[in-house]
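Geometric and topological summary
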Amino acid sequence: MQPPQWIIEKKRDGQALGEEDIRQFILGYAAEEIPDYQMAALAMAIYLNGMSFEETRHLVQAMMDSGDVLDTSTLKRPVADKHSTGGIGDKVSLPLAPWVAACGLDVPMISGRGLGITGGTLDKLEAIPGYRTNLSEAEMIRVIQDCGCCIIGQTKSLAPADKKLYALRDVTATVPSIPLITGSIMCKKLAESLDVLVLDVKFGKGAFMKEEAQARELASTMAKVGNLMGVSVSALLTDMNEPLGHAAGNAVEVAESVECLHGRGPADLMEVTQALGAEMLVLAKVQPDLNAANAALDQALASGAALERYNRMVELQGGNPDPAALPKARMQAPLAATKAGFVTGVDANAIGRGVLLLGAGRQQSADPVNHAVGITELVKTGDSIQEGDPLLTVHADDADTLAAALPYLEQAFAIGEIAPAARSRVVERITG
């Protein structure tokens, strides 16, 4: 066994680390045999010098091996999941999991909480009265066997090295490293024992990756590493310059997700969700091509099968699936347009900051989340508006948070005289 500093020296000097180097370091760190300061030094060396695909693969494997792997052997259908890098109004997981479950997949979805201005799937689901996100692995499998899907939070035994390393990266300026991001995302997803993984890698003002080229590099790296590890992985590159859908918050996004399962969700949200679902069905060989996959998804909506799976999942996890049971904010206030024209842009970052100040997210990690607040009826790029028309409706619980949020919400809109050309939210498909 090498001293940890020798492994740090190798990466500091731009050399490739071997499988045993990485395994020894990560498992030693998870077992608290290697201190934070040495892990921080290695993380900075990786940040500065990068990693090859093979090194990144070994990093993912070591982080997986630091804990348990979900046993999906009792599931009879292809096991699939999707991961999103996050964005404003991104509630895709909520309608997607039951939708593809109705089409022949089993979906053991392990999700996270909000990070910065981006909302978290678990925070949204916990807006549902009674919904449990802390199921045991055995409970999770039973839910999937019944309805085909389950959405929970990361268990303590799943990839514990990632929890430690992520917290360390957050305070050592090493978060924006593609090998470390890949390790963090893929170790948790591949610990679900998947056959298929589809990635939704976002770029733009409301995404972690601001530039399209950055997002493309991350998507390609994750897809290639996943395929090297025996899982069928592909990625869709999607535009997050504008919020997804008409709602941002927690309860309001759950309500919009249910609208999707009725087949009447916002066009951009339906586009992204269906594109990811079709990709999952084809990758899992449940459908032969995208046309057949889209037809199957359309039928699952029209028949009510997707909505039925959602309702059943929520009930099995202790929740009330009726949107009328969702918490509601004490006050609603429209934000009026100050001039007529066409909406030429809606800044996702500004909307995200406004929604955060309403209380829908956390300014510090220990902050509680107000599930009731947020925004709805958000106009979209290309919409024609008149002076005084509502640009969105704010859902707030008090005048102070409303006053804090309004300046950000007001600056989110660009209005011009010419309607911009329509653009798909799905920009590119990337494979490994």
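All values reported here derive from a predicted model rather than from experimental measurement.

Conventions adopted
- Residues numbered from 1 in each chain as written.
- Predicted model: local features only at pLDDT ≥ 70, side-chain atom pairs only at ≥ 80, totals over all residues.
- Heavy atoms only, no water.
- Pairing = 2+ DSSP bridges.
- Helix = DSSP H or I, 4+ residues; strand = E, 2+ residues; numbered from the N terminus.
- Buried < 20%, exposed > 50% of the residue type's maximum accessible area, 1.4 Å probe, protein only.
- Phe/Tyr/Trp six-rings, centres within 6.5 Å; stacked < 30°, edge-to-face > 60°.
- Lys NZ or Arg CZ within 6 Å of the ring centre and 35° of its normal.
- Salt bridge = Lys/Arg side-chain N within 4 Å of Asp/Glu carboxyl O.
- Patch = residues over 30% accessible without salt bridge, like charges linked within 9 Å, V, L, I, M, F, W, Y side chains within 5 Å.
- Areas by Shrake-Rupley, 256 points an atom, 1.4 Å probe, with all protein chains shown as cover.
- Contact = heavy atoms within 4.5 Å.

What to know about the sheet that holds strand β8 (residues 341–346)
The three strands lie next to each other as β10-β8-β12, forming an open sheet whose pairing is antiparallel. If you trace the sheet from one side to the other, it starts and ends with β10 (384–385) and β12 (413–416), each paired once. Pairing analysis gives two bridges linking β8 to β10, with the strands arranged antiparallel. Across the sheet, Phe 342 pairs through a bridge with Ser 384, a residue of β10.

Examining the side chain of Gln 24
With respect to the helices, strands and loops of the structure, Gln 24 is situated in helix α2 (residues 19–30). Residue Gln 24 is classed as buried on the basis of its relative accessible area, which comes to 17%.

Some remarks on the packing of aromatic side chains
For the structure shown, the criterion picks out zero aromatic pairs. Cation over ring: Lys 164 sits above Tyr 29, and NZ or CZ is 4.1 Å from the ring centre.

What to know about the environment of Ala 302
Secondary-structure assignment places Ala 302 in helix α13 (residues 290–302). By relative accessible area, which is 69% here, Ala 302 ends up exposed. Sequence separation between Ala 302 and His 262 is 40 residues; the distance between their C-alpha atoms is 7.8 Å.

Examining the pattern of salt bridges
What the rule picks out here adds up to 25 salt bridges. Between Lys 189 and Glu 192 there is a salt bridge; the shortest N-O distance is 3.6 Å. Of the two residues examined, Lys 189 and Glu 192, each falls in the buried class. For Glu 428, the salt bridge identified is with Arg 216, shortest N-O distance 2.8 Å. With Glu 428 in strand β13 (residues 426–431) and Arg 216 in helix α10 (residues 212–228), this pair connects stretches of sequence that are 212 residues apart. Residue Glu 428 is classed as partly exposed on the basis of its relative accessible area, which comes to 27%. On the accessibility criterion, Arg 216 (28% relative accessible area) is partly exposed. Overlapping salt bridges, with partners in common, bring together Glu 212, Arg 216, Asp 239, Arg 423 and Glu 428 in one network.

Brief notes about a nonpolar patch on the surface
Taken together, the side chains of Met 44, Tyr 47 and Leu 48 present a nonpolar region at the surface, about 280 Å² in accessible area. Counting through the fold element by element, Tyr 47 comes out in helix α3 (residues 36–49). We classify Tyr 47 as partly exposed; its relative accessible area is 35%.

So, the environment of Ile 26
Assignment of secondary structure puts Ile 26 in helix α2. Judged by its relative accessible area of 3%, Ile 26 is buried. The sequence separation of Ile 26 and Leu 244 amounts to 218 residues, and the corresponding C-alpha distance is 37 Å. Every residue in contact with Ile 26, bar those within four places of it in the chain, is listed here: Met 39, Leu 59, Ala 62, Met 63 and Ala 161.

Everything listed here is a matter of coordinates, which is why it stays silent on function.
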